[in-house]
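Each chain, written out:
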Amino acid sequence: MYPRANTLGLIIKNNHILLEEQEGKHSKGLGFYYRPIGGTIEFGERSDEALIREFSEEIGVQVVIKRYITCLENIFRIDDIIGHEITQIYLVDFKDKSHYQKEQFTILEGNKVINAKWVSKDELFLGKKILYPNGLTELLKNELS
């Protein structure tokens, strides 16, 4: 098994970040957890191209990449399964500024329906909401505070 290469985009509105809200088993337990919108980088695809494609596929919007932030490597365990992701992180904006007025977005991944919503940075920084990948909360504190 090899590490999974993926890419995630951070969209900021005031003191909030647009995040997918998921529920289930995760490396810190069971329940709700959050992650930025994005996904797997396909073979032969650049990470910035993959991110633009993922936003279009998942929530049907066009984004503009403002800047590359960093790469996070996340090795985690859920039950007896070890996961390993190498994640490219970008700061992005909606092309259509009217999308900032929406309270939530519906994401369709196969048969699964997930909501993306604006989550307060304070809730993440104070540990009230669990954010993945590991290390992203600390990165946001340094980059966005």
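The notes below deal with the structure included here. Since the structure is predicted, the reported quantities are computational estimates derived from the model, not experimental observations.

Some points on the sheet that holds strand β5 (residues 37-40)
Taken in spatial order, the four strands line up as β5-β1-β7-β6 in an open sheet, and their pairing is mixed. Single-partner strands in this sheet number two, and they are β5 and β6 (63-78). Sheet twist, expressed as the average angle between the axes of neighbouring strands with direction ignored, equals 20 degrees. Here β6 runs beside strand β7 (residues 81-94); their pairing, made up of 14 bridges, is antiparallel. Considered in β7, the bridge of Leu-72 is made with Thr-87. On top of the sheet, helix α1 (residues 47-59) reaches β1 (4-10), β5, β6 and β7; it is set at about 115 degrees to β5, its chief contact.

Points about unusual backbone geometry
In this chain, Tyr-132 is followed by Pro-133 through a cis amide linkage whose omega measures 5 degrees. Along the chain, Pro-133 turns up in the loop between α2 (121-125) and α3 (136-144). Phi is positive for Asn-14, close to 55 degrees, though the residue is something other than glycine. Inspection of the secondary structure assignment puts Asn-14 in the loop between β2 (12-13) and β3 (16-26).

Quick notes on the layout of surface pockets
Computed from the structure, the largest pocket encloses a volume of approximately 410 Å³. Considering the residues around the largest pocket, the lining is formed by 26 residues, among which Arg-4, Gln-22, Tyr-33, Arg-35 and Glu-85 are closest to the centre. Breaking the lining of the largest pocket down by element, the ones donating at least two residues are β1, β3, β4 (29-35), β5, α1, β6, β7 and β9 (112-120).

Comments concerning the nonpolar core
Ranked by size, the top nonpolar core spans 17 residues in total, and within it Ile-11, Leu-18, Phe-55, Ile-59 and Phe-94 carry the most contacts. Breaking this core down by element, the ones donating at least two residues are α1, β7, β8 (104-109) and β9. Residues within four places of Leu-18 in sequence aside, it is in contact with Ile-11, Pro-36, Ile-37, Ile-59, Phe-94, Phe-105, Ala-116, Lys-117 and Trp-118.

Description of the pairing of β3
Relative to β3, β2 is paired through two bridges, and the arrangement is antiparallel. Residue Ile-12 lies in a different strand from β3, and its bridge partner there is Ile-17. Bridge count between β3 and β9: six bridges; the pairing is antiparallel. What sits directly across from His-16, in β9, is Ser-120. Note: β3 against β4, seven bridges, orientation antiparallel. By the bridge assignment, Gln-22 is partnered in β4 with Tyr-33.

Procedures and definitions
- Residues numbered from 1 in each chain as written.
- Predicted model: local features only at pLDDT ≥ 70, side-chain atom pairs only at ≥ 80, totals over all residues.
- Heavy atoms only, no water.
- Pairing = 2+ DSSP bridges.
- Helix = DSSP H or I, 4+ residues; strand = E, 2+ residues; numbered from the N terminus.
- Axes fitted to C-alpha atoms, helices over the stretch in contact; angles between N-to-C directions.
- Contact = heavy atoms within 4.5 Å.
- 1 Å grid on protein atoms, 1.4 Å probe; cavity = no way out; pocket = protein on both sides within 12 Å on 5 of 7 lines; lining within 4 Å.
- Points joined across faces, edges and corners; volume = space filled by probe spheres on them.
- Core = buried A, V, L, I, M, F, W, Y, C linked by side-chain atoms within 4.5 Å.
- Buried < 20%, exposed > 50% of the residue type's maximum accessible area, 1.4 Å probe, protein only.

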